[in-house]
Amino acid sequence: MGLMQLMPGTASGLGVKDPYNPQQNINGGTKYLSQMMKQFGGDVQSALAAYNAGPGNVQKAMKQAKSTKYADYAKYLPQETQKYVPKVLSKMGG
């Protein structure tokens, strides 16, 4: 929902009362991305994958690949996430 495309449960957990309010939505989305960055040790690819697919799905993919390297576990993620991560990185210049 909204600019940062927050899921209802995620928005609620982040304290976003109105996910269609741009300020609340952006604050919630950046807070969530920050949480994902911390959870995945600053690994931008993993944090973006977790933002899109959920941290549990990223951890599951890592276990399946027996690796924490995005290049190794990406194939175990949903197709949407496999497209999302490089697309966002390209917009960031990386």
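Look up: the structure comes first, before these words.
Residues numbered from 1 in each chain as written. Predicted model: local features only at pLDDT ≥ 70, side-chain atom pairs only at ≥ 80, totals over all residues. Heavy atoms only, no water.

Chemist: Could you clarify how one ought to interpret the packing of aromatic side chains in this entry?
Modeler: In this description, an aromatic ring pair is defined by two values, namely the gap between the centres and the angle between the planes. Using the criterion set out here, one finds two aromatic pairs in the structure. Taken together, a centroid distance of 5.4 Å and an interplanar angle of 50° make the contact between Tyr32 and Tyr51 tilted. Note that Tyr32 is positioned in helix 2 (residues 22-39) and Tyr51 in helix 3 (residues 44-53), a separation of 19 residues in sequence. The interplanar angle of 80° and the centroid separation of 5.5 Å between the aromatic rings of Tyr70 and Tyr73 together place this pair among those described as edge-to-face. Of this pair, Tyr70 and Tyr73 both sit in helix 5 (residues 70-73), three residues apart, which is roughly one turn of the helix. Using a relative accessible area of 9% as the deciding quantity, one classes Tyr70 as buried. (Phe/Tyr/Trp six-rings, centres within 6.5 Å; stacked < 30°, edge-to-face > 60°. Helix = DSSP H or I, 4+ residues; strand = E, 2+ residues; numbered from the N terminus. Buried < 20%, exposed > 50% of the residue type's maximum accessible area, 1.4 Å probe, protein only.)

Chemist: Please explain the nonpolar core as it appears in this structure.
Modeler: Proteins that are soluble and globular tend to have nonpolar side chains buried together. The biggest cluster of nonpolar side chains holds 21 residues, and the ones touching the most others in it are Val58, Tyr70, Tyr73 and Leu77. Secondary-structure elements contributing two or more residues to this core are helix 2, helix 3, helix 4 (55-65), helix 5 and helix 6 (79-92). If one sorts the elements of this core by residue count, helix 3 sits on top with five residues. In this structure Leu77 touches Ala49, Asn57, Val58, Ala61, Tyr70 and Gln82, once residues within four positions along its chain are discounted. (Core = buried A, V, L, I, M, F, W, Y, C linked by side-chain atoms within 4.5 Å. Contact = heavy atoms within 4.5 Å.)

Chemist: When you look at helix 2 in this model, what are you seeing that I'm missing?
Modeler: Helix length check: helix 2, at 18 residues, gives a terminal C-alpha distance of 25 Å against a target of 26 Å (1.5 Å per residue), a fit within 8%. Along helix 2, the residues that are buried comprise Asn25, Gly28, Gly29, Tyr32 and Met36. Summarising the axial view, the buried residues of helix 2 lie within an arc of 95°, below the 170-degree limit, and thus occupy one face. In helix 2, the exposed residues that point more than 90 degrees away from the buried face are Gln23 and Lys38. Structurally, helix 2 contributes buried residues whose contacts are with helix 1 (8-13), helix 3 and helix 4. The backbone nitrogen of Gln23 lies 3.0 Å from a side-chain oxygen of the residue at the head of helix 2, namely Asn21. Positive backbone phi, at 60°, marks Gly41, one or two positions downstream of helix 2. (Expected span 1.5 Å × (residues − 1). Arc of directions from axis to C-beta. Polar contact = N/O pair within 3.5 Å; in protein donor to acceptor, adjacent residues only side chain to side chain.)

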